[in-house]
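Inside the fold
Residue strings, one per chain:
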Amino acid sequence: MDALIEAFGWFGDGANWQGRDGVPTRLWEHVWVVAVSLGLACAVALPIGLWLGHVGRGGTLAINISNVGRAVPTFAVLVLLFLTPLGLSVWTTILALVAFALPPILTNTYVGMREVDPDARSAALGMGMNGLQVVRKVELPLAVPLIMTGVRLAAVQVVATATLAAFVSGPGLGRIITSGFGRQDVAQIVAGAILVAALALVVEALMEWLQRAADPVRRARQRSSSAASRRARGSAAIEVDRAIETGS
Amino acid sequence: MNGPVERHSDDSTEQRMIRLDGVSKTYADGTVAVHELTLDVRRGELVVLVGPSGCGKTTTMKMVNRLVEPTGGRIFVDGRDVTHVDPVGLRRGIGYVIQNVGLFPHRSIEDNVAVVPELVGWPAKRRRERARELLELVGLDPTTHGTRYPHELSGGQRQRVGVARALAADPPVLLMDEPFSAVDPVVRSQLQDEFLRLQDDVRKTILFVTHDIEEAVRLGDRIAVFKQGGVLEQFDNPAAILGAPATDFVADFVGADRGLKRLSVTPVTEADLEHPPVVNLEDELATAGFAMGESNWAVVLDAEGRLAGWVSQEMTTTGTGRVHDHARRMEAWVELDDSLKVAFSEMLQWNAGWIAVLGDGDRYLGVLTPSTLHTALRRSVEADLLDVAPDEVVLETVQDA
Amino acid sequence: MNGPVERHSDDSTEQRMIRLDGVSKTYADGTVAVHELTLDVRRGELVVLVGPSGCGKTTTMKMVNRLVEPTGGRIFVDGRDVTHVDPVGLRRGIGYVIQNVGLFPHRSIEDNVAVVPELVGWPAKRRRERARELLELVGLDPTTHGTRYPHELSGGQRQRVGVARALAADPPVLLMDEPFSAVDPVVRSQLQDEFLRLQDDVRKTILFVTHDIEEAVRLGDRIAVFKQGGVLEQFDNPAAILGAPATDFVADFVGADRGLKRLSVTPVTEADLEHPPVVNLEDELATAGFAMGESNWAVVLDAEGRLAGWVSQEMTTTGTGRVHDHARRMEAWVELDDSLKVAFSEMLQWNAGWIAVLGDGDRYLGVLTPSTLHTALRRSVEADLLDVAPDEVVLETVQDA
Amino acid sequence: MRNDWVCAEYVRTRSDDIVDALVEHVGITVTSVAGGFVLALVLAVLARSWPRLRALILGTSTVLYTVPSLVMFSLLLSVTGLTATTVIVGLILYTLTILVRGILTGLEGVPPDVREAAVGMGYDGLRLLRKVELPLAMPAVYAALRVATVSTVAMTTIGMIVGHGGLGNLIDRGLDSNFRAEVLTASVLCVVLALVADLLLVGLQRWRTPWRRGVS
Amino acid sequence: GDDEEVFQGDGGGDETAAGGSGELTVGGADFTEMVIMQEMYAALLEDAGYTVDIQSVGNREIYGPALESGEIDVVPEYAATFAQYLNTRANGPDAPTDAPIATNDAQETVEAARPLAEQYGLTILEPAQAADQNGFAVTQEFADQHGLTTISDLAEIGRPLTLAAVEECPDRPFCEPGLENVYGLEIVDPPLALGFSSTRTKQAVQRGDADLGLVATTDGTLGQFDLVLLEDDKNLQLADNIVPVVNTESAGDDAVAEALQPLSETLTTEHLTELNAQVDAERQQAEDVAAAYLEEQGLL
Ligand SMILES: Nc1ncnc2c1ncn2[C@@H]1O[C@H](COP(=O)(O)OP(=O)(O)OP(=O)(O)O)[C@@H](O)[C@H]1O
Ligand SMILES: Nc1ncnc2c1ncn2[C@@H]1O[C@H](COP(=O)(O)OP(=O)(O)OP(=O)(O)O)[C@@H](O)[C@H]1O
Ligand SMILES: [Mg+2]
Ligand SMILES: [Mg+2]
C-alpha cells in the first residue's frame, strides 16, 4: 500500500513528466513499438492464417509450430537479435515482439476461418464466387470476431512484454521500471508497473471496441435492435417480441 | 441403362436442359455416393430427387454445378459438357438453393439476394431493383424486409429469401437442395404452394432434392427415387411412382398409404362425374319433385346454369311454392382439375355425401361422390400403368355393391 | 376455466397423475408464455400439447419438472404440489426427453441410458443390465450400439436412445418434448409406431409436445391445442379435435384436410358395414348366382364362415361347377377397430371397390365400400359433437345420389 | 577460447548442471500450470455463476498478466521469500488470464440442450459441473492448457531473478558470461520441453476425451 | 517510508551459531564474481564447521531484504556500492548524489556505512584488499588510434563520446556526471542503458555502437571483446572493495568473521580478475575455481 501511495507521489512529481525519460515520451515510445509490432504481426499472420483456413489444410501443423515457438524465452530472443546487425536499433525489439505476437493471431485466424458456417461457404461457392471472392466477401467477414479476439490477446500480451525492450536499451515504459530498479526507487518501479497495466487495460478496451465495430454480424444485430425500438414506437408490438428473442 | 423404367426417351437432345450420362461419384474415403446415374431434365421441367438420408441426392446435385467433381460419366447443362466449362461461370448461370439455406448473416436481405448480380457486375441501382422485385415475387415486402438481416427473419421467410437469391440473375437452371426442410409442416406446405405458383410464372428447369415423398409428389413433374449408394430405382411421373412402384424399395419408400397420397396428384375429370337430377330455381316444387324421380335430392341451378344449391325430395313433398323458396345454399364445390384430395377433404369437412364440380366460368358439370371419387382414382392408376388416357380405361374388377 | 370444452371432469383426483391448476408463466422480459392453464393427465394417459412455434408448449412441460418456475397457479404430480418438493428428487422421478434429444456426447450410449440410475445410486452391474434391456426395448442392439458414442448413431437411433434414457429408472411419468422432430418423415413414422407399441407395454403417464398435428392425432389419448401466448384453445380426444374444432384457430391449425386426417383416428365399427350377398365355397354356381340377386358379385365364405374370396355374377352365368372352382382369392382385408385410413388405403392399393372386414377369430363381418366408409366418418364426427355413441347418430343430410 | 553456439563438450561436462536445471524447470512449470488450473477453474465457475464478477475476474487476470516479472517477483518476495514458491505463485498468476478465459469459453460452449437434459434428469450443482459441463468443456480447456503450458515453460526462465528459473538460470549465466553454447543449449531445451509437454497434453486429451475420436 | 520493512516480518533465520556450528545461507547476486565469492565464503564457513547453503539471485533488490530477514545470512558485497545502497534505503533515492557516504577509501567507507547497517540488523565485516571498481573500457583499436591509456586522455579526442552504461548513469556521480565534471568529457545524452559490465555493453563498444563502456575492473572477458580498461587517473571511482556483510542476529558471531577474515587478507584485485577469467573465459565451474584458489593459498 505504501508503495502505491509513493507511486502516486511519483506521478505527482512534475519532473517525471518531462524530457527524454518522462512519462509522455516513454508512453509514446511504448505505444509506437506495440502498434508497429502488432501491425507487422498481423501483416504476417493474417495472410497465412486466412490462406490455411481457406484451404483447410496444414493449419494444425502451422499452429502447433507457432505455438511451440512461444516457448522460446522472449528475452533470449531479444539478446540474440541484439547480436545481429540490427543491434541497438528499435527493430530488435520489434522483431522479438512480432515473433511473440504471431501465435495467437495465426491460431485465431485459422480457427475463425474454419468455423465459418459451411453452409454459407458452400452457398458462396455454389453461386459462382471464386476463391478470393469467397474469402473476401464471406469467410473473412464471418471470421472477424475470432480474428479480432486473437489480435486483442496479442495486443495485451505485447504491451506487457514490450517492457523487456529495456534490456537492450530499447524504447518504452520498461525503461522507467529498470531505471527504478537501478536507482532503488520503489515508487518509480511501481509507477512504471501501473503505467504498463493501465496501458494494457486501455488497449484491451480499445480492442474490444474495435472488435465490435469490425464485426459485420454484430453490427447487423445492433442495427436491428435499434430498428426494432423504432418499429416499437410505430406500434408493431409483435416485431419487438421477435427482435428481443433474437436480439442479443 | 437397364433397371428403372425410363419414359419419353424419344426426346430430342435439345429438349434436355440437364443430362447426366452414367455419372458416378466415389468419395476419397471410398464411399460410393452415386453409382452410374443416367438422368435428364427437360427444359422447364421440375425433376425431384428423392430418397432416404445419405443416398446421394446432394452429391448428384452438386455435381451439376461442379461443387463436387464426378469420378465417372459425363454431365451436360444446356448441351455443354460441364467439365469443359469454367466452374465459376457455370455456377453463376445456375441458381442454387442450398440445404439449410446458407444465407450470409452479415449481409442484409437485399444484399443477400443481389449476390450473383453483384458478382456478374450489375450496377448497384439495377441490383437493388432486381432484389426488391424478387422479394416481392417470393412474397416478402421489400420495404420492411429488404434492409433486415437474416437472423431477423423466421425460418420460412429465410427459405423464401434463399429461393429469391437463386433466381436473382434469372438463371435458366435451378438446383434446390431441400429448400423447405427447415420449417414446420404448416409453413412448408404454404411455401410449396407459393413455389408452384412461382414456377408457373418463371418456368425454370429445376432439379429439386427432398427426402419427403409428399413434397416430391406435390411439386415434381417427374420423380427420381434413389436408394442407398446412389442407385436410381425409378424415374417417372408422380402418379406412376405412386401407382406402379417399380421395385419393392420404391413401394416401401412411398409408403403403405401411397393410394391416399395419390389422391393429391389425381385431378377431377369430367368422365368421373355423376349426374344427379337437376332442377331450376324457378321451377315449381311439384315439377321439381317429379324431376327427381327416385332420387331423394336434386341439384339446383339458376337461370344461367350456375350452381345455386340443392333441394331434397322431402321438401318438395311437404313444402309449397317454388324451388328457390326451399333450396339450401351450397357451401362448397370444387373445380375441374382440382385434385381428388381437395374434393374428398371438402366432402368430409362439410359433412356432405357429394360435392358439385364446376367447369370454366363456374358452369355446373356434375357431382362427385365417394364412390365415383374412388373409381376415378383407380381409373387413373390403371391409365398410368397402361400408359393410356384415363377415359380409355375399363375397370375390370367389381366396383360397387 | 371457460373456453375449451373439458370433458370427463368427473375424474377422481386420484386418477389425475399430473394436474395443472390455473398455471401461468410470464418470463422476466414480460413474455407471457402460458396463461392460466388448467389441464390434467390421467394415470397411464398420453396427452399431447400441440400448437404453433412459441405458443408455450415447452414452457408448460418444463414447469412440471420445475425447470421453469410458474408465476401463478399450482402444479401437482401424483397428488403432491411440486413447488413443495425438492426439484432434484422430483426430476429424477420424471422421465424427460428433451427437444433435440440432448444426449451426452461424452458418454457411451449405455452410459447415457444409465444416467438416472447412476444418479439414484444403482450398482454398476444393475445399471448396465437395465441399459441393455432398454436399448433392446427401443429396438437397438445393445451389443453393437451400447458402446458407441452419440455422434456414431443416426438421428433416428439417437431419438430412440433419448426415449430409452427417459425410461431408465422406470419413472411413472414421462415428459417428451418433440422427441421425434429431428428425423425425416419416414423414420419418424417408424419411431411413432414403435413408441405406440412401447407405450402399450409400459403404460406411462405421458405429457408429449409436438407441433405436428398428425403426430398428435396419431399418438395422443387427448390433445391440448395451444395458441400464441399460452392460451389453451381446446382439450379433447383426437377425433373431437379433428371433427369438431372448438374455435376457428383450432380448425385452422388442424388444417383444411382434417377430414382426411380423421380417417386415421376413426375405427371401423360393425354398424358401418354393408352386407353384400354371401355364398359358400361349396355352393353350386347356379345357387350362388341366384343368391346374388341384382348384385353383380358376392363374398365367398368357407364352411367355418371364414373369408375365402369373392365371385362375380358373370362367372356364375358363364362358368360351371362349384363356387370354389371360380372364386378369386381375397388379397386384403381389415379387422374391426382398424382405422378407416387403413381400410381406405388397402382399398386403393389393391385397386378394389370394397374391402372385407373381419372380427375376432377372423370371422367375416361385412364389407366396407367408399360410401359406407364416408358415412362412418361422418357418423363418428356427429357422435363426437353430440357426445353420444356413433350408432345413435342419424345423419341428417343427404347421403347418396 | 572458441565461443561456438553448439558445444558438445559443454553438454558433456555440465550435464549435471543441465539435468538439475531441467528438473527444476519441469517441477516449477508443472506445479504452476496445475495450481493455475485449479485456481482458474474456481474463478471461471465464479465468473459464470455471477455475471457481475465476470468483468472483475477477467480484468484482474489481465492486469496481473501485465505486471512486469521483475516487479511481480519483488512484490511476491515479501510473502514467499527467496523460494521456488515465489516463482510458482508468480507464474500461476500469469497463467490465469489464459486459463480463466479458456475454461469460461469451454463452459459457455456446453450445448444448452445437453445442459438442460442433465438438469431435467436431476443433476445438480457440483455434479452437473463435474459429470457433464467439465467433460464437454474439455476441448477448449485443453486448448487453453496447451497455450498456458507452453507459455509457462518460457516464463519459468524468468524465475532466474530469484534464483529459481530452471533453464533460465543457465540462460542468464550464459548471457552474463557470453557463453553461447550455454544460452543456446538451454533455449533449445526450453523449446524441446515445450514440445514434449504439448505432445503429452495432446495425448492426454485424446485419452481423456474418447468420444471425440473420429470427430474431425 | 520504508517498504522493505515488510520483508523483516518473516524473521526466521537460523539460531545463532555457537562456536562454528549450525546452518548458514550464503547468498548474493548471481554474476560470476559474486558467485565465486559465495563459493569461497561457503567453503570457508563449511571448513569452520557450518552447514552451508548457497542462494544466488538476480540483484540486490532481491537479496537485500532476504539478508535483512535472515533468509540469507552471509553476502559478499562491494563496500562503496553497499554503503550507497544503505544510504538510499535510509535517506531516499537521491541521497547518493546529494549526501554521499562512500569515498574512494575502503576503510572510511565501511566505517561510515556501519551505523546504517546496524539499523537494518546487518554487520559489515572487514573489507578485502581486492576491489572491483567501476571502470571504463574502449576497444583496443580506439585506444591505439588515439593513444589512450587513461580516462583523461579521452578529453583530447575533442568530440562527444557515446557511453554504454546503466539506466541510472545520468544520476550517478561515478558515471556521466563524474566523467563530465571531473574529467571534462562530453558525453552524448542519453547514455545507452545496457547493464553494468554486461555482455551487451561490451558488445556495443566492440561493435562501435558506443565509444566507451562501463565495466567492472575485474572483468575477465574484456580481452574477448578486444576491450581495454582506461585508468581512472583522477580517482573518480569509489572504494568498491569486496567485503562480507552478515545478518547480525543469525551470523553476527565472531566465528563467522574469523572464518572469512583470512580470505579478505589474501585476496587481491589481480586474483579476482584471474578467477573471473577462469570462469568466464575458460568456462570452469565457479565451485572448482573457488576451491582451487583457496587450496592454492593454503586457506583450507
Ligand atoms: N465429402 C464427403 N466425403 C466422404 N463422403 C461423403 C462426403 N459427402 C457426402 N459423403 C457421403 O456420401 C453419401 C451421400 O451423401 P449425400 O450428402 O449426397 O446424401 P443426401 O442424399 O443428400 O443425404 P441427406 O438427405 O442427409 O442430405 C453419404 O453416405 C455421405 O456420408
Ligand atoms: N427464458 C426465456 N425468457 C424469455 N422468454 C422466453 C424464454 N423461454 C421461452 N420464452 C418465450 O416464451 C414463449 C413460449 O416459448 P416455448 O419455448 O414454451 O414455446 P414452444 O411452444 O415450445 O415453441 P417451439 O415449438 O418453437 O418449441 C416464446 O415466445 C418464447 O420466446
Ligand atoms: Mg443432402
Ligand atoms: Mg418447444
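Residues numbered from 1 in each chain as written. Chains lettered and ligands numbered in written order. Predicted model: local features only at pLDDT ≥ 70, side-chain atom pairs only at ≥ 80, totals over all residues. Heavy atoms only, no water.

- As annotated in an unreviewed UniProt entry, chain B is ABC-type quaternary amine transporter from Haloactinopolyspora alba.
- According to the UniProt record, the Sequence similarities (unreviewed entry) comment for chain B is "Belongs to the ABC transporter superfamily." (UniProt positions renumbered as here; feature names shortened; annotations may be inferred.)

1. Comments concerning the overall build of chain B
- Scanning chain B from N- to C-terminus turns up 17 helices and 17 strands.
- If you line up chain B on its principal axes, its C-alpha atoms span 80 × 55 × 35 Å.
- Per-residue burial over chain B gives 55% buried out of 401 residues.
- Long-range contacts, defined as pairs at least 24 residues apart, comprise 61% of the intrachain contacts of chain B with a sequence gap of at least 6.
- Entry remark: accessible area of chain B is about 16,500 Å², with carbon and sulfur atoms responsible for 46%.
- Chain B carries 42 positive and 63 negative side-chain charges, and their two centres are separated by 9 Å. (Helix = DSSP H or I, 4+ residues; strand = E, 2+ residues; numbered from the N terminus. Buried < 20%, exposed > 50% of the residue type's maximum accessible area, 1.4 Å probe, protein only. Contact = heavy atoms within 4.5 Å. Areas by Shrake-Rupley, 256 points an atom, 1.4 Å probe, with all protein chains shown as cover. Lys, Arg positive; Asp, Glu negative; His and termini not counted. Charge placed at Lys NZ, Arg CZ, Asp CG, Glu CD.)

2. Observations concerning the nonpolar core
- With 221 residues, the main nonpolar core has B:L207, E:M40, E:L45 and E:L263 as its most contacted residues.
- At 15 residues, helix α7 (residues 131-161) of chain A tops the list of elements feeding residues into this core.
- Every residue in contact with B:L207, bar those within four places of it in the chain, is listed here: B:I18, B:L39, B:V41, B:V47, B:L49, B:M61, B:V64, B:L174, B:L175 and B:M176. (Core = buried A, V, L, I, M, F, W, Y, C linked by side-chain atoms within 4.5 Å.)

3. What about the site of ligand 1?
All names here are of chain B.
- Near ligand 1 there are 14 residues, and of these S53, G54, K57, T58 and T59 occur at the shortest range.
- A distance of 2.5 Å separates an oxygen atom of ligand 1 from a polar side-chain atom of S53.
- One of the side-chain nitrogen or oxygen atoms of K57 is found 2.8 Å away from an oxygen atom of ligand 1.
- Calculation on ligand 1 without its partners gives an accessible area of 640 Å², and the protein chains cover 64% of this total.
- If you tally residues by element for the shell around ligand 1, the top one is helix α1 (residues 57-64), at three residues.
- Looking at the shell around ligand 1 residue by residue, the classes come out as three nonpolar, eight polar and three charged. (Near = heavy atom within 4 Å. Polar contact = N/O pair within 3.5 Å; in protein donor to acceptor, adjacent residues only side chain to side chain. Nonpolar A, V, L, I, M, F, W, Y, C, P; charged D, E, K, R; others polar.)

4. Thoughts on the environment of C:G243
- Within the secondary structure, C:G243 sits in helix α10 (residues 238-243).
- In the structure, C:G243 is positioned 30 residues away from C:I213 in sequence and 13 Å away in space, judged by C-alpha atoms.

5. Structural notes on the packing of helix α8 (residues 167-176) of chain D against helix α9 (residues 180-208) of chain D
All names here are of chain D.
- The interhelical angle for the contact between α8 and α9, taken along N-to-C directions, is 155°, at an axis separation of 8 Å. In terms of orientation, α8 lies roughly antiparallel with respect to α9. α8 and α9 meet at a crossing whose hand is left-handed. Taking contact as the criterion, the partners of L167, L170, I171, R173, G174 and L175 in α8 are, on α9, E182, V183, A186, S187, L189 and C190.
- Per-class residue counts for the contact of α8 with α9 are eight nonpolar, two polar and two charged. (Axes fitted to C-alpha atoms, helices over the stretch in contact; angles between N-to-C directions. Parallel < 35°, antiparallel > 145°, perpendicular 65-115°, else oblique. Left-handed = near helix turned anticlockwise from the far one by under 90°.)

6. Remarks on the pattern of salt bridges
Residues and elements named next belong to chain A.
- For the structure on display, the rule yields 69 salt bridges over all chains.
- Across the pair R212 and E208 runs a salt bridge whose closest N-O atoms are separated by 3.3 Å. Taken together, the residues R212 and E208, both in helix α9 (residues 186-214) and four residues apart, mark about one turn of the helix.
- A relative accessible area of 35% means that R212 is categorised as partly exposed. (Salt bridge = Lys/Arg side-chain N within 4 Å of Asp/Glu carboxyl O.)

7. Structural notes on the sheet that holds strand β17 (residues 364-368) of chain C
Residue and element names in this part refer to chain C.
- The three strands lie next to each other as β15-β16-β17, forming an open sheet whose pairing is mixed. Where the open sheet ends on each side, the last strands, each with one partner, are β15 (333-335) and β17. Taken pair by pair, the neighbouring strands of this sheet meet at an average axis angle of 35°, ignoring direction.
- Pairing of strand β16 (residues 355-358) with β17, which is carried by four bridges, proceeds in the antiparallel orientation. Paired with I355 across the bridge in β17 is L368. (Pairing = 2+ DSSP bridges.)

8. With respect to the site of ligand 2
- Near ligand 2 there are 15 residues, and of these C:S53, C:G54, C:K57, C:T58 and C:T59 occur at the shortest range.
- Neighbouring residues of ligand 2 are not confined to one chain but are distributed across chains A and C.
- Between C:G54 and ligand 2, the recorded distance is 2.8 Å, taken from a backbone N or O atom to an oxygen atom.
- C:T58 places a polar side-chain atom, nitrogen or oxygen, 2.5 Å from an oxygen atom of ligand 2.
- For ligand 2, whose unbound accessible area comes to 630 Å², protein coverage reaches 70%.
- For the shell around ligand 2, the element with the most residues is helix α1 (residues 57-64) of chain C, which contributes three residues.
- Here the shell around ligand 2 is composed, by residue class, of three nonpolar, eight polar and four charged.

9. A short note on the interface of chain E and chain D
- Taken together, the 23 residues of chain E in the interface contact 21 residues of chain D.
- In this assembly, chain E packs against chain D so that about 1,900 Å² is buried in total across both faces, 48% of it on carbon and sulfur atoms.
- Counting every contact that joins chain E to chain D gives zero salt bridges.
- Counting the contacts that link chain E with chain D gives one residue pair in polar contact (both at pLDDT 80 or more).
- At the level of secondary structure, the elements contributing two or more residues to the side of chain E that touches chain D comprise β2 (50-57), α2 (60-69) and α9 (199-207) of chain E.
- Its residues assigned to classes, the side of chain E that touches chain D comprises nine nonpolar, nine polar and five charged. (Buried area = accessible area lost by both parts, 1.4 Å probe.)

10. Here's the deal with the environment of D:A8
Residue and element names in this part refer to chain D.
- By the element assignment, A8 lies in helix α1 (residues 8-13).
- In this structure A8 comes out as exposed when scored by relative accessible area, which is 62%.
- In the structure, A8 is positioned 177 residues away from T185 in sequence and 9.7 Å away in space, judged by C-alpha atoms.

11. Points about the arrangement of the chains
- For the seven pairs of chains in contact, the largest share of contacts goes to chains B and C.
- A gap remains between chain B and chain D, with no contact made and the closest C-alpha atoms lying 14 Å from each other.
- Separated in space, chain B and chain E share no contact, their closest pair of C-alpha atoms being 51 Å apart.

12. Let's talk about the sheet that holds strand β5 (residues 80-81) of chain B
Residues and elements named next belong to chain B.
- Read across the open sheet, the four strands follow the order β2-β1-β4-β5; overall the sheet is antiparallel. What marks the edges here is a single partner per strand, and that holds for β2 (32-42) and β5.
- Sheet topology places strand β4 (residues 72-77) next to β5; two bridges connect them, and they run antiparallel. Paired with V77 across the bridge in β5 is R80.
- The strands touched by α1 are β1 (16-26), β2 and β4; relative to β1, the strand with the most contacts, the crossing angle is about 120°.

13. Topic: the side chain of E:N247
All names here are of chain E.
- Topologically, N247 is positioned in strand β10 (residues 242-247).
- Exposure remark for N247: the relative accessible area of 4% places this residue in the buried category.
- Polar contacts involving the side chain of N247 include one to the main-chain carbonyl oxygen of L67, which spans 2.7 Å.
- If we ignore the near neighbours within four places in the chain, the residues touching N247 are L67, E68, S69, G70, I72, D73, G121, L122 and G252.

14. Structural notes on the domain arrangement of chain B
- As assigned here, chain B comprises domain 1 (5-93 + 172-264) and domain 2 (270-376).
- Of note, the centres of domain 1 of chain B and domain 2 of chain B, computed from C-alpha atoms alone, are 43 Å apart. (Domains from an automatic or database assignment.)

15. Some thoughts on helix α6 (residues 112-120) of chain D
- Residues of α6(D) that are buried include every one of D:V114, D:A117, D:A118, D:V119 and D:G120, and no others.
- On its buried side, α6(D) packs onto α2 (87-92), β6 (94-97) and α7 (155-167) of chain C together with α7 (125-156) of chain D.
- The positive-phi residue at the C-terminal boundary of α6(D) is D:G122, with phi of around 105°.

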